[in-house]
Amino acid sequence: MTETIKKMSTKPLVAWGLFFLIYIIFIFVFSYLYPYGADEYILKRDTLWGAIASYFQSYMSENARIGLLANNIILYLGKWSFLILNPLVQIVWLLSFFALVYLRLPDFNKLSDFPSMLLIALLSVFAVAQPDNTLFWIGGACNYSWSALPFFWILTWLRLEYKAKGNLNLSKKYALALFFIALALGMSSENSGPLTMGLIICFAAAFHIAGLKLKKHFWLIALGLALGIALLFGAPAMWNRLNTDIFEYFNNSSLLDKLLWHISHIHFYIKAMFLIPAITFIALLICSLDRDKPERFKNENYILAVIFAISSWILAAVLFAIPLITGRCFYTASVAALISFLFTLIYLREAYKFQAVKYCAMLAFAWAVAFTPVFAYPYLNLHRQDEARANAIAQAKESGSKTVFLIPYKYLKGPNDNLTIMFYDPVFGFLGYANYLDMAIQTDIMKEAAYLYIFSNPNVI
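Just so we're clear, the structure is a prediction, and the values are computed from it rather than from any experiment. (Residues numbered from 1 in each chain as written. Predicted model: local features only at pLDDT ≥ 70, side-chain atom pairs only at ≥ 80, totals over all residues. Heavy atoms only, no water.)

Asks: So what's going on with the nonpolar core? Which residues, and what values?
Replies: Side chains that are nonpolar tend, in soluble globular proteins, to be buried together. Within the largest apolar cluster, 133 residues are counted, with the highest numbers of intra-cluster contacts made by Trp93, Phe136 and Leu342. Here the element with the most residues in this core is helix H18 (residues 331-352); it accounts for 15 residues. In this structure, phenylalanine 136 is in contact with Phe26, Ile27, Phe30, Ser31, Tyr34, Phe82, Val125, Pro131, Phe375 and Tyr379, ignoring residues within four places of it in sequence. (Core = buried A, V, L, I, M, F, W, Y, C linked by side-chain atoms within 4.5 Å. Buried < 20%, exposed > 50% of the residue type's maximum accessible area, 1.4 Å probe, protein only. Helix = DSSP H or I, 4+ residues; strand = E, 2+ residues; numbered from the N terminus. Contact = heavy atoms within 4.5 Å.)

What follows is the structure in structure tokens.
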């Protein structure tokens, strides 16, 4: 009998182990297949100090996001470090997402949490904004999916503060750790830091109205976030960006033009996530109108679903009016939308006894099985082109030539626009790539023009 119980208890552990192993292999394979782009050859340094100094140079001129520092260090170490770290960080991403929603880690001794984790894992790849750029590209992962971790952790802390009614006891060590996490969040992106600060202000105001007091660590963490936001928006790089041609065009455009620019971006944002923001909105609207569930406005999962739905649209809306924007900029907004979606599913399970999480996980898994080959082949094709280019460069060097003719990469369409690769071919970063190769580069001018058009109009692919 004891042996039978032991055997039964090992089955969930085996299932969880296989789940994490498959996910790690998946992230590793696609990270491996995604080649170095132009930015990698421009930002790569030969020394650790050079990599760190490059970040501070960028802070003064081009990009002040803290994720760039991790990017530069990884480029110094080599791609092998990214291939090791990225799968592990993405596992932490999954667990952090789960912890934010459930305020605990999964129970690995049971399979009751398996549908939720499976759904989160599938959505984390196929339903976030531009996964090729935000998960598998080194620079994109450091600036987007990796930088989402502080966002998860600070919001989880806020939920714990709410549960404790302001009586959460944090040691100085943990409070200081959250201070630096909040600082990193403030420097992670132009929209997630300010949104989180807005949530913290609303949280503090609600506690004040309720007559509850917040402890000193609350204000320390809020200070860390404020400092991070100040460092990001006060960076010279931010002001240099505002002086670029595209922002000058934006600032001088009419209000009508800016409103019209929203239309295509809203369409892309909703379509990219398989209509999840729209589905969530409709589901919450129907639940709001259901008079048979008067307790809905007091249900925590319903309230959080609404809060994150609104947050997702705020995160996206600040970017909608920009005339030229890549899909990856909507990454944090897409993550907030997925959090809202999961809270909505949990509420449906509670209020209507409908196993929404389970059925959505099954549907997402069926889609993933059917479309992963279509999703994967463009990456394999791009990798083969990269290998062919490496062979052409090697042959040119062996022959003693100082010039190499390189064919621009061709990009195959994925299951949809959002899942189609958008890659900055280093051939068109002539100076940085040529300096790296120590060779002159020749290519087809017509193909270059076509590439630049596609890069600036990703939805035409």
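Asks: So, the environment of alanine 235: which residues are in play, and what are the values?
Replies: Tracing the backbone through its elements, the reader meets alanine 235 in the loop between helix H12 (216-233) and helix H13 (236-242). Remark: the alpha-carbon pair of alanine 235 and alanine 64, spanning 171 residues in sequence, is separated by 6.3 Å. Contacts of alanine 235, omitting those with residues within four sequence positions, involve Tyr59 and Ala64.

Asks: Give a description of helix H11 (residues 192-209) that names residues and reports values.
Replies: Taking 1.5 Å per residue, 18 residues should reach 26 Å; H11 reaches 26 Å between its end C-alpha atoms and fits that length. Immediately beyond the C-terminal end of H11, within one or two residues, lies glycine 211, with a positive phi of roughly 80°. (Expected span 1.5 Å × (residues − 1).)

Asks: Got a sec to walk through the packing of aromatic side chains? Specific residues and values, please.
Replies: In the structure shown here, the tally under the stated rule is 43 aromatic pairs. Taking the centre distance of 5.4 Å and the plane angle of 65° together, the rings of tyrosine 55 and phenylalanine 56 count as edge-to-face. The exposure class of tyrosine 55 is buried, given its relative accessible area of 3%. Pairing phenylalanine 97 with phenylalanine 152 gives two aromatic rings, centres 5.7 Å apart and planes at 70°, and the pair type is edge-to-face. With phenylalanine 97 in helix H5 (residues 79-102) and phenylalanine 152 in helix H9 (residues 148-163), the pair connects residues that are 55 residues apart, well separated along the chain. Members of the aromatic cluster, joined through ring pairs, are Phe26, Phe30, Phe126, Phe136, Phe274, Trp367, Phe371, Phe375 and Tyr379. Above the ring of tyrosine 409, the side-chain terminus of arginine 389 is found at 3.8 Å from the ring centroid. (Phe/Tyr/Trp six-rings, centres within 6.5 Å; stacked < 30°, edge-to-face > 60°. Lys NZ or Arg CZ within 6 Å of the ring centre and 35° of its normal.)

Asks: Could you give me a rundown of a nonpolar patch on the surface, with the residues and numbers involved?
Replies: Nonpolar side chains collect at one region of the surface, where Val14, Leu18, Leu21, Ile22, Ile25, Phe28, Val29 and Tyr32 lie side by side and expose about 730 Å² of accessible area between them. Here tyrosine 32 is to be found in helix H1 (residues 2-33). (Patch = residues over 30% accessible without salt bridge, like charges linked within 9 Å, V, L, I, M, F, W, Y side chains within 5 Å. Areas by Shrake-Rupley, 256 points an atom, 1.4 Å probe, with all protein chains shown as cover. Salt bridge = Lys/Arg side-chain N within 4 Å of Asp/Glu carboxyl O.)

Asks: Tell me about the pattern of salt bridges, residues and numbers included.
Replies: Tallied over the full model, the rule gives seven salt bridges. A salt bridge links lysine 163 to glutamate 300, with the shortest nitrogen-to-oxygen separation between them at 2.8 Å. With lysine 163 in helix H9 and glutamate 300 in helix H17 (residues 300-320), the pair connects residues that are 137 residues apart, well separated along the chain. Judged by its relative accessible area of 47%, lysine 163 is partly exposed. Overlapping salt bridges bring together Arg159, Lys163 and Glu300 as one network.

Asks: With reference to specific residues and values, describe unusual backbone geometry.
Replies: Most peptide bonds take the trans form, and the phi angle of most residues other than glycine is negative. Of note, glutamine 130 is a non-glycine position whose phi angle comes to about 45°, a positive value. Following the sequence through the fold, glutamine 130 ends up in the loop between helix H6 (114-126) and helix H7 (131-136). Residue classification places glutamine 130 among the buried positions, given a relative accessible area of 4%. Unusually for a residue other than glycine, lysine 353 sits at a positive phi of about 55°.

Asks: Hey, could you go over the packing of H18 against helix H19 (residues 356-398) for me, with residue numbers and the actual values?
Replies: Taken N-terminus to C-terminus, the directions of H18 and H19 make an angle of 130°; their axes are 8 Å apart at the nearest point. It follows that H18 is oblique to H19 by the angle criterion. Two secondary-structure elements touch here, H18 through Phe341, Leu342, Leu345, Ile346, Leu348 and Arg349 and H19 through Ala356, Val357 and Cys360. (Axes fitted to C-alpha atoms, helices over the stretch in contact; angles between N-to-C directions. Parallel < 35°, antiparallel > 145°, perpendicular 65-115°, else oblique.)

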